[in-house]
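Letter by letter, the chains look like this.
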Amino acid sequence: MSRLVPLVAIALIWSACGGGDAPPEGSATPDDSPGDAAAIPRVQITQPQDGATVPQGPLQVVFEVEGLVISPAGTMDEGTGHHHLIVDADLLSWTDPIGVEEGRYIHMGQAQTSFTVEGLEPGEHRLIAVVADGVHVPLDPPVADTVHITVTGATHQE
Ligand SMILES: [Cu+2]
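Now for a quick tour of the structure. (Residues numbered from 1 in each chain as written. Predicted model: local features only at pLDDT ≥ 70, side-chain atom pairs only at ≥ 80, totals over all residues. Heavy atoms only, no water.)

### A few points about the pairing of strand β5 (residues 80-87)
So, step 1. Of all eight residues in β5, eight are buried, a share of seventy percent or more.
So, step 2. Bridge analysis of β5 against strand β8 (residues 123-132) gives six bridges, and the strand direction is antiparallel. Bridge pairing in β8 links H84 to V130.
So, step 3. One ladder, built from three bridges, connects β5 with strand β6 (residues 105-107); its direction is antiparallel. When the bridges of β6 are listed, L85 appears paired with I106. (Buried < 20%, exposed > 50% of the residue type's maximum accessible area, 1.4 Å probe, protein only. Helix = DSSP H or I, 4+ residues; strand = E, 2+ residues; numbered from the N terminus. Pairing = 2+ DSSP bridges.)

### Describing the environment of G74
So, step 1. With respect to the secondary-structure elements, G74 resides in the loop between β4 (69-70) and β5.
So, step 2. In this structure the C-alpha to C-alpha distance between G74 and H136, which are 62 residues apart in sequence, comes to 8.5 Å.

### Details of unusual backbone geometry
So, step 1. Of the consecutive residues Q47 and P48, the connecting peptide bond is found in the cis state with omega at -5°.
So, step 2. Note that P48 resides in the loop between β1 (42-47) and β2 (53-55).
So, step 3. Each neighbour pair has its own omega, and for D140 with P141 the value is 0°, a cis peptide bond.
So, step 4. As for its placement among the helices and strands, P141 is situated in the loop between β8 and β9 (144-152).
So, step 5. With a phi angle near 55°, D88 is a residue other than glycine that sits in the positive phi range.
So, step 6. Its place among the elements puts D88 in the loop between β5 and β6.
So, step 7. Note on D88: relative accessible area 33%, which makes it partly exposed.

Structure (structure tokens):
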């Protein structure tokens with residue numbers, strides 16, 4: 001019976017974002033574009049940088065992409081997606097919609113390119129950026145980045 005829980009969660013995410021009944025179009029696109037390696041989409045967390053030590057307090061996380069267009073949730077055009085930030089948690093699936101959990105699984109559904117994380121305790125933390133499509137399914141091939149940071153407890157000690 002526990003299988004029902006994730007299904008319900010997915011259904012809620014779907015309806016909450018105005019997802020309609022767009023049919024999947026898995027194999028409709030012929031792969032006739034070899035030599036496109038330079039255009040592979042990528043995302044990078046540009047702030048904070050990997051390995052950074054930051055003071056405790058609100059932390060602005062900034063995302064930059066190449067090779068795709070950041071669009072609001074619900075947009076299903078090819079080559080578009082929106083940012084997701086996963087704080088101290090794992091991406092649970094590359095093929096299912098990313099869930100919503102305050103402070104852990106965060107959707108930038110209005111095409112934001114930064115997000116301010118609050119409440120990080122002193123210590124090590126991991127931030128994962130994932131770009132997903134209009135219904136929150138991670139892009140294929142994956143567009144993701146991970147940074148590890150350390151939050152210090154002592155602020156303004158200079
Ligand atoms: Cu999303």
